[in-house]
Amino acid sequence: MGIFSRTRDIIAANVTDLLDKAEDPAKMIRMIILEMEETLVEVRASAARTIADQKEMRRHIAKLEKLQDSWTEKAELALSKDREDLAKAALVERQKAVDMADQLGAEIGVLDDTLRSAEEDITKLQNKLREARTRQNSITTRLESAHNRVKMREAYAGPKVQDAFSRFEIMERRVDFAEGRADALSLGAPPKTLEEEIAELRSSEKVDADLAALKARIGKAN
């Protein structure tokens, strides 16, 4: 069973209210559009049958009008031959044709009203369908935006990113520990004696002298 059961239900329906109450708006809007499209096809098919009926009635009226002319001629012929009885009978048949034509004309008038009503319904249905399709595009855009936001959120705050940062923290902790061990090795070391510091200065002077001599020899060679 569809969301709408009759044309008037669709025309009177508030699409926004239906979507607000729906658990799955995207699915609901698809169902609404499908129901509207099917109803629009049915209304147009009914209007097509009405138009066909009118055309058939008009053809029948045209035949009745010709029949009226025929009975009129026959009545005139009977009167010309002094057969008033036959003329009267012919006029009775002519009147039957007139009555039938009038009845068909009245039925065509009723069908005209039906067609006007169908045309109004079709226009309203088309407007509703445009509204529903517009809402569908809006819903689709909003859903895509929401999905994209979820993806972006997962990209910078998802479990994978959190796991990566957790690993960084573990590595930093290991580096801190290694640096701490290196710093700990120098803790408690005895200070250098005066003789050790002077020996280091002499060693440094000797290295500087050797470097100067080496530079001098290279200069002379060049």
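In this text the structure is predicted, and so the values were computed from the model without any measurement. (Residues numbered from 1 in each chain as written. Predicted model: local features only at pLDDT ≥ 70, side-chain atom pairs only at ≥ 80, totals over all residues. Heavy atoms only, no water.)

What is the right way to look at the overall build of the protein chain in this model?
Assigned secondary structure in the protein chain consists of six helices and zero strands. Ordered by position from N to C terminus, the α and β elements of the protein chain give α-α-α-α-α-α. A sequence separation of at least 24 residues applies to 76% of the contacts in the protein chain between residues at least 6 apart. Carbon and sulfur atoms make up 55% of the accessible area of the protein chain, which totals about 17300 Å². (Helix = DSSP H or I, 4+ residues; strand = E, 2+ residues; numbered from the N terminus. Contact = heavy atoms within 4.5 Å. Areas by Shrake-Rupley, 256 points an atom, 1.4 Å probe, with all protein chains shown as cover.)

Help me understand helix α3 (residues 25-80) in this model?
Counting along an α-helix, one turn takes 3.6 residues, and residues three or four places apart therefore face a common direction. With 56 residues, α3 should reach 82 Å at 1.5 Å per residue; the first-to-last C-alpha distance of 82 Å fits that figure. Of the residues one or two after α3, Asp82 is the one with positive phi, at around 60 degrees. (Expected span 1.5 Å × (residues − 1).)

What is the right way to read a nonpolar patch on the surface from this model?
A contiguous nonpolar patch, built from Leu211, Leu214 and Ile218 and spanning about 250 Å² of accessible area, is present on the exposed surface. Relative to the helices and strands, Leu214 is located in helix α6 (residues 194-221). (Patch = residues over 30% accessible without salt bridge, like charges linked within 9 Å, V, L, I, M, F, W, Y side chains within 5 Å. Salt bridge = Lys/Arg side-chain N within 4 Å of Asp/Glu carboxyl O.)

Would you mind going over the environment of Glu119 with me for this structure?
Structurally, Glu119 is set in helix α4 (residues 84-157). The sequence separation of Glu119 and Arg44 amounts to 75 residues, and the corresponding C-alpha distance is 8.6 Å.

What's the story with the pattern of salt bridges in this structure? I'm lost.
A pair can form between side chains of opposite charge whenever their charged atoms are brought close. Inspection of every chain in the model, using the stated rule, returns four salt bridges. With a closest N to O distance of 2.8 Å, Glu37 and Arg133 form a salt bridge. Here the residue Glu37 occupies a position in helix α3, and Arg133 occupies one in helix α4, the gap between them amounting to 96 residues. Its relative accessible area of 30% is what places Glu37 among the partly exposed residues. Note on Arg133: relative accessible area 37%, which makes it partly exposed. With a closest N to O distance of 2.1 Å, Arg116 and Asp113 form a salt bridge. In this pair, Arg116 and Asp113 both sit in helix α4, three residues apart, roughly one turn of the helix. (Buried < 20%, exposed > 50% of the residue type's maximum accessible area, 1.4 Å probe, protein only.)

Is there a simple way to think about the nonpolar core in this case?
Within soluble globular proteins, side chains that are nonpolar generally end up buried alongside one another. Core analysis: the largest hydrophobic core is formed by 16 residues, its most contacted members being Val15, Leu19, Ile29, Ile32, Met36, Leu125 and Ala132. If you tally residues by element for this core, the top one is α3, at seven residues. Among all residues touching Leu125, those that are not within four sequence positions of it are Thr7, Ile10, Ile11, Thr39, Leu40 and Val43. Listed in part, the eight residues of the second largest apolar core include Met57, Leu64, Ala97 and Ala101. (Core = buried A, V, L, I, M, F, W, Y, C linked by side-chain atoms within 4.5 Å.)

Would you mind going over the environment of Gln126 with me for this structure?
In this fold, Gln126 is placed in helix α4. Expressed as a C-alpha distance, the spacing of Gln126 and Glu37, which sit 89 residues apart in the sequence, is 8.8 Å. In contact with Gln126, not counting residues within four places along its chain, are Leu40 and Arg44.

Help me out: how do you make sense of unusual backbone geometry in this one?
Excluding glycine, most residues fall at negative phi; most peptide bonds, likewise, are trans. With phi around 60 degrees, Asp82 is a residue other than glycine that occupies positive phi space. You can see Asp82 is positioned in the loop between α3 and α4. What makes Asp82 exposed here is its relative accessible area of 70%.

Even after reading the chapter, I still don't get a negative patch on the surface, so can you show me in this structure?
Taken together, the side chains of Glu65, Asp69, Glu73 and Glu76 make up a negatively charged region of the molecular surface. Checked against the element boundaries, Glu65 lands in helix α3. (Lys, Arg positive; Asp, Glu negative; His and termini not counted. Charge placed at Lys NZ, Arg CZ, Asp CG, Glu CD.)

How should I be thinking about a positive patch on the surface in this particular structure?
Where like charges cluster on the molecular surface, the positive patch consists of Lys55, Arg59, Lys63 and Lys66. Its location among the elements puts Lys55 in helix α3.

What is shown is where atoms sit, not what they do.
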